[in-house]
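Residue-level listing of the chains:
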Amino acid sequence: MSGAAHTHGHGHDHGHHGQDAHGHGSFKDYVTGFVLSVILTAIPFWLVMADVLGDKLVTGVVILGLAVVQIVVHMIYFLHMNTKSEGGWTFLALIFTVTIVVITLCGSIWVMHHLNANMMPVSAEEMRHAP
């Protein structure tokens with residue numbers, strides 16, 4: 001049995017729904033991913049520009065949540081990652097990606113908070129009373 005017949009003609013479904021023989025997604029998948037990405041970009045922009053929620057902390061948390069959703073949309077629709085493809089290795093890559101994203105987001109918030117708290121400009125009045 002030739003390699004091409006073995007990989008394409010043995011009748012097993014490997015979870016490549018919506019993908020061609022080369023692992024590419026369908027046009028519908030790409031359009032769906034693009035539309036979701038545009039929506040998930042427009043919502044945070046609208047939240048900030050219109051000050052919809054009124055609270056900066058809540059707005060920041062919502063934006064971070066939408067960023068995580070957008071990362072997942074990109075991984076599913078553009079990188080074609082799922083639990084069944086390539087023997088589960090893409091799922092391990094997904095777990096690794098989520099771990100790195102959580103570390104990056106938490107670290108960024110931590111650094112920005114401490115920069116805000118420790119590097120605020122000091123007024124002339126505060127300078128006179130400093131030891």
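- In the annotation of an unreviewed UniProt entry, the entry for the protein chain reads Cytochrome bo(3) ubiquinol oxidase subunit 4, and the organism field reads Methylorubrum zatmanii.
- Note on the protein chain: under the UniProt heading Sequence similarities (unreviewed entry), the record states "Belongs to the cytochrome c oxidase bacterial subunit 4 family."

## A few points about the overall build of the protein chain
Move 1: Scanning the protein chain for helices and strands turns up 5 helices and 0 strands.
Move 2: Starting at the N terminus and walking to the C terminus, you meet the elements of the protein chain as α-α-α-α-α.
Move 3: Looking at the protein chain as a whole, 15% of its 131 residues qualify as buried.
Move 4: Excluding contacts between residues fewer than 6 apart, the proportion of contacts in the protein chain whose partners are at least 24 apart in sequence is 54%.
Move 5: Accessible area for the protein chain stands at about 10100 Å²; split by element, carbon and sulfur atoms hold 72% of it.

## Let's talk about helix H3 (residues 56-77)
Move 1: Compared with the 32 Å implied by 1.5 Å per residue over 22 residues, the 31 Å span of H3 between its first and last C-alpha is a close match.
Move 2: Residues Thr 59, Leu 66, Gln 70, Val 73 and Met 75 constitute the buried set of H3.
Move 3: Summarising the contacts, the buried residues of H3 are in contact with helix H2 (27-49) and helix H4 (89-118).

## Side note on the UniProt feature "transmembrane region" (unreviewed entry) in the protein chain
Move 1: In this numbering, the UniProt entry assigns the feature "transmembrane region" (unreviewed entry) to residues 30-50, 57-79 and 91-111.
Move 2: Across residues 30-50, the secondary structure splits into 95% helix and 0% strand, with the terminal C-alpha atoms separated by 30 Å.

## Notes on the confidence of the model for the protein chain
When pLDDT drops low, the exact placement of atoms in the prediction is not to be read closely.
Move 1: Summing up the model confidence of the protein chain, the mean pLDDT is 79 and the portion of residues at 70 or higher is 78%.
Move 2: Mean pLDDT across the secondary structure elements of the protein chain bottoms out at helix H1 (residues 3-8), with 46, and peaks at H2, with 94.
Move 3: Here residues 1-17 is modelled with pLDDT under 50, and outside its nearest four sequence neighbours on either side it reaches 9 contacts, counting other chains as well.

## A few points about H2
Move 1: The end-to-end C-alpha distance of H2 is 33 Å, a good match for the 33 Å that 23 residues give at a rise of 1.5 Å each.
Move 2: Residues Gly 33, Ser 37, Leu 40, Pro 44 and Leu 47 constitute the buried set of H2.
Move 3: Tucked into the core, H2 has its buried residues touching H3.
Move 4: At the C-terminal side of H2, Asp 51 shows a positive phi close to 45 degrees.

## Re unusual backbone geometry
Move 1: Positive phi is not limited to glycine here, since Asp 51 has a value of about 45 degrees.
Move 2: Looking at the secondary structure, you find Asp 51 in the loop between H2 and H3.

## Topic: the packing of aromatic side chains
Move 1: Applying the stated rule across the entire model yields 1 aromatic pair.
Move 2: With 6.1 Å between their ring centres and 20 degrees between their planes, Tyr 30 and Phe 78 make a pair best called stacked. Placement of the pair is Tyr 30 in helix H2 and Phe 78 in the loop between H3 and H4, with a sequence separation of 48 residues.
Move 3: For Tyr 30, a relative accessible area of 30% gives the class partly exposed.

Calculation notes
- Residues numbered from 1 in each chain as written.
- Predicted model: local features only at pLDDT ≥ 70, side-chain atom pairs only at ≥ 80, totals over all residues.
- Heavy atoms only, no water.
- UniProt positions renumbered as here; feature names shortened; annotations may be inferred.
- Helix = DSSP H or I, 4+ residues; strand = E, 2+ residues; numbered from the N terminus.
- Buried < 20%, exposed > 50% of the residue type's maximum accessible area, 1.4 Å probe, protein only.
- Contact = heavy atoms within 4.5 Å.
- Areas by Shrake-Rupley, 256 points an atom, 1.4 Å probe, with all protein chains shown as cover.
- Expected span 1.5 Å × (residues − 1).
- pLDDT = per-residue confidence, 0-100.
- Phe/Tyr/Trp six-rings, centres within 6.5 Å; stacked < 30°, edge-to-face > 60°.

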